[in-house]
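# Summary of the model geometry
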Amino acid sequence: MTVVAVASVGAAVETDGETGFIDQAKHPSWWDQNIAPPRVGDELHAVVLDAGREPPRLSALPRDIAIARRLRDAM
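Structural notes, computed from the coordinates. The model shown is predicted, which means the values in this text are computed figures rather than measured ones.

Let us look at the sheet that holds strand β4 (residues 47-50). Hydrogen bonds between backbone atoms are what pair the strands of a sheet, whose relative direction is either parallel or antiparallel. If you trace the five strands from one edge of the open sheet to the other, you get β1-β2-β3-β5-β4, paired in mixed fashion. With partners counted over all chains shown, the strands left at the sheet margins are β1 (2-7) and β4, one partner each. Strand-to-strand, the axes of this sheet are offset by a mean angle of 40°, without reference to chain direction. Here six bridges tie strand β2 (residues 10-15) to strand β3 (residues 18-23), and the two strands are oriented antiparallel to one another. Its bridge partner lying in β3, Gly10 is registered against Asp23. In the packing of helix α2 (residues 62-74) onto the sheet, the strands contacted are β4 and β5 (57-59), and the crossing angle to β4 comes to about 90°.

Below is the structure:
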């Protein structure tokens, strides 16, 4: 995912023509002051938390990505 816009509440991202939104609390910088906040052009790994929202809500937190991988592998 590529960050295409940043606001005080989170970041808009895009990949393959699809858009999404990462709330500030779902970006690692919210939890670790040593990680830079998102900036336009940043590349992120993210997982879908709620595809039913417009735009879909995503997470870039390592723990959410790990959970998604475990769930995918269990299928």
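Turning to the pattern of salt bridges, a few remarks are in order. Considering all chains together, one arrives at two salt bridges under this definition. The closest approach of N and O atoms between Asp73 and Arg72, which form a salt bridge, is 3.8 Å. For the pair Asp73 and Arg72, a shared accessibility class is recorded, and that class is exposed.

Time to look at the nonpolar core. Of all hydrophobic cores here, the largest spans seven residues; its members are Val3, Ala11, Val13, Ile22, Leu44, Leu58 and Ala60. Not counting the four nearest positions on each side in its chain, Val3 is found in contact with Ala11, Ala12, Val13, Pro38, Arg39, Val40, Gly41, Asp42 and Leu44.

This next bit is on unusual backbone geometry. Outside of glycine, negative phi angles account for most residues, and trans bonds account for most peptide bonds. Of note, the bond from Glu54 into Pro55 is cis; its omega dihedral lies within 30 degrees of zero at 0°. Positioned with a positive phi, Asp16 is a non-glycine residue whose angle comes to about 50°. Relative to the helices and strands, Asp16 resides in the loop between β2 and β3. Taking the relative accessible area as the measure of exposure, Asp16 reaches 78% and is therefore exposed.

Looking now at the packing of aromatic side chains. Across all of its chains, the model carries one aromatic pair by this definition. Considering the side-chain rings of Trp30 and Trp31, the 6.5 Å spacing of their centres and the 85° angle between planes classify their relative orientation as edge-to-face. Residue Trp30 is classed as partly exposed on the basis of its relative accessible area, which comes to 42%. Judged by relative accessible area, which is 52%, Trp31 ranks as exposed. For Arg63, the ring lying beneath its charged end belongs to Trp31, and the centroid distance is 5.7 Å.

Rules behind the numbers
Residues numbered from 1 in each chain as written. Predicted model: local features only at pLDDT ≥ 70, side-chain atom pairs only at ≥ 80, totals over all residues. Heavy atoms only, no water. Pairing = 2+ DSSP bridges. Helix = DSSP H or I, 4+ residues; strand = E, 2+ residues; numbered from the N terminus. Axes fitted to C-alpha atoms, helices over the stretch in contact; angles between N-to-C directions. Contact = heavy atoms within 4.5 Å. Salt bridge = Lys/Arg side-chain N within 4 Å of Asp/Glu carboxyl O. Buried < 20%, exposed > 50% of the residue type's maximum accessible area, 1.4 Å probe, protein only. Core = buried A, V, L, I, M, F, W, Y, C linked by side-chain atoms within 4.5 Å. Phe/Tyr/Trp six-rings, centres within 6.5 Å; stacked < 30°, edge-to-face > 60°. Lys NZ or Arg CZ within 6 Å of the ring centre and 35° of its normal.

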